[in-house]
Amino acid sequence: MAALGTAAILGSHPIAASAAPKVRIGVLKFGTVSWELDTLKQHKFDAANGIDLEVIYFAGEDATNVAILAGAIDMIVTDWLWVSRQRSDGGDVTLAPYSTAVGAIMVKDASPMRAITDLKGKKIGVAGGPLDKSWLLIQALARRDYGLDLPAISDVVFGAPPLISEKAIQGELDAVLNFWHFCARLEANGFRRLIGATDAEKALGAAGPVSAIGYVFHDKWANENPQVVRGFLQASAQAKDLLARSDEEWLRLAPIVRAEGKELAKLRDRYREGIPRRPVAEEAADAGRLYRVLAGIGGEKLVGSAPEMAPGTFWQEPAK
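Engineer: Before we go on, may I ask you to explain helix H8 (residues 161-169) in this structure?
Structural biologist: One turn of an α-helix holds 3.6 residues; hence residues three or four places apart share an orientation. Of the positions making up H8, those classed as buried are Pro161, Ile164, Ser165 and Ala168. All buried residues of H8 fall inside an arc of 95° around its axis, so they share one side. After H8 finishes, the residue Gly171 shows a positive phi value of roughly 85°.

Engineer: What's the story with the pattern of salt bridges in this structure? I'm lost.
Structural biologist: Side-chain pairs of opposite charge can arise whenever the charged atoms involved come near each other. Taken as a whole and judged by the stated rule, the model has 26 salt bridges. For Arg144, the salt bridge identified is with Asp145, shortest N-O distance 2.7 Å. Salt bridges linked by common partners bring Lys22, Lys41, Asp46 and Asp52 together as one network.

Engineer: Can you help me understand the layout of surface pockets in this one?
Structural biologist: Once rolled over the atoms, a probe with the size of a water molecule shows which space is left empty. Roughly 430 Å³ of internal volume is contained in the second largest pocket. Lining the second largest pocket we find 18 residues, and of these Ala96, Pro97, Leu233, Ala237 and Val280 sit closest to its centre. At the level of elements, strand S4 (93-99), helix H12 (226-245) and helix H15 (280-298) are the ones that each hand at least two residues to the lining of the second largest pocket. It is H12 that contributes the most residues to the lining of the second largest pocket, six residues altogether. Partitioned by chemical class, the residues of the lining of the second largest pocket number 10 nonpolar, two polar and six charged.

About the cut-offs
Residue numbers here run from 1 along each chain, matching the order of that chain's written sequence. The model is predicted, so local features are restricted to residues of pLDDT at least 70 and side-chain atom pairs to those at 80 or more, both for listing and for counting; the totals for chains, interfaces and linings are taken over all residues. Only hydrogens and water are set aside when side-chain values are computed; all heavy atoms of the structure are taken into account. Working definition: with a 1.4 Å probe on protein chains only, accessible area under 20% of the residue-type maximum means buried, over 50% means exposed, and in between means partly exposed. In this text, helices come from DSSP runs of H or I with a minimum length of four residues, and strands from runs of E with a minimum of two, each type numbered from the N-terminal end. To obtain the arc, one takes the directions from the helix axis to the C-beta atoms. The working definition used for a salt bridge is a side-chain nitrogen of Lys or Arg within 4 Å of a carboxyl oxygen of Asp or Glu. Only protein atoms enter the 1 Å grid used here, on which a cavity is any set of points holding a 1.4 Å probe that cannot leave and a pocket is any open set flanked by protein within 12 Å on both sides along at least five of seven lines; residues with an atom within 4 Å of a point are listed as lining. Grid points are joined across faces, edges and corners, and a volume is the space filled by probe spheres set on the points. Gly is placed with the polar residues, together with every amino acid not listed as nonpolar (Ala, Val, Leu, Ile, Met, Phe, Trp, Tyr, Cys and Pro) or charged (Asp, Glu, Lys and Arg).

In structure tokens form, the structure reads like this:
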């Protein structure tokens, strides 16, 4: 009787026998990517596109990198420099654009500083370390256009993003370069942009915004599961579209974003500005130009021995 009952249930629910393929993505617990993924899951955009997204949280970026290289997960979010270096070393990871939002050098609204030249002799806090892409791009611009070696003419200190922002608020730093969401929070609390990394990108040859980070996965996995990859990217696009047009969705996300009022609104607006809107081929071409600039200033510590960005760093969907 039990066997017959089970058979009857399965027979009346044929969908249960063909569950949607699972996509395992590893992200940081409190990272900004969680905002989009929460929206995606809340509105079941994954199911609508034939996949089942499983979000796996990690404590740090190094852990996500190790996990995807070991095959423990299908996807992570990281930058194209890491992807290119892996490919140059024989790996097959590739990247689909996620966000063009990047950091900026921030100063208090009342600060007399108005241009990059005003950083001479000032105490600058930098998040992300000496090889942070935004810091290197702004250094490259300062050298090329103004003949300034920022590390040599300024007092540069490095630290964790929350600490750098806190020191700026306390007035212990004259200017800070931080990640985009920390900059947005500062903007809502009496700070303004002196120069953004996007400004440096354009000045150094990019025709438009370039995604700083993207969804990263293996070519082999994508080739074996093309519909799954397309389903995930479509679900991601739908989540972005909702976040781009719905202020109410941001109010729902407020506890996850951990912001409200002016701060939530500024984070919302900066997130929206960072939604990629250009063809992938154009972003890839501009990333290649910026790679050469970064290789010139960051050297082997940043890019390894490869003088050019590795082919295939940006994923191009194969013809159907």
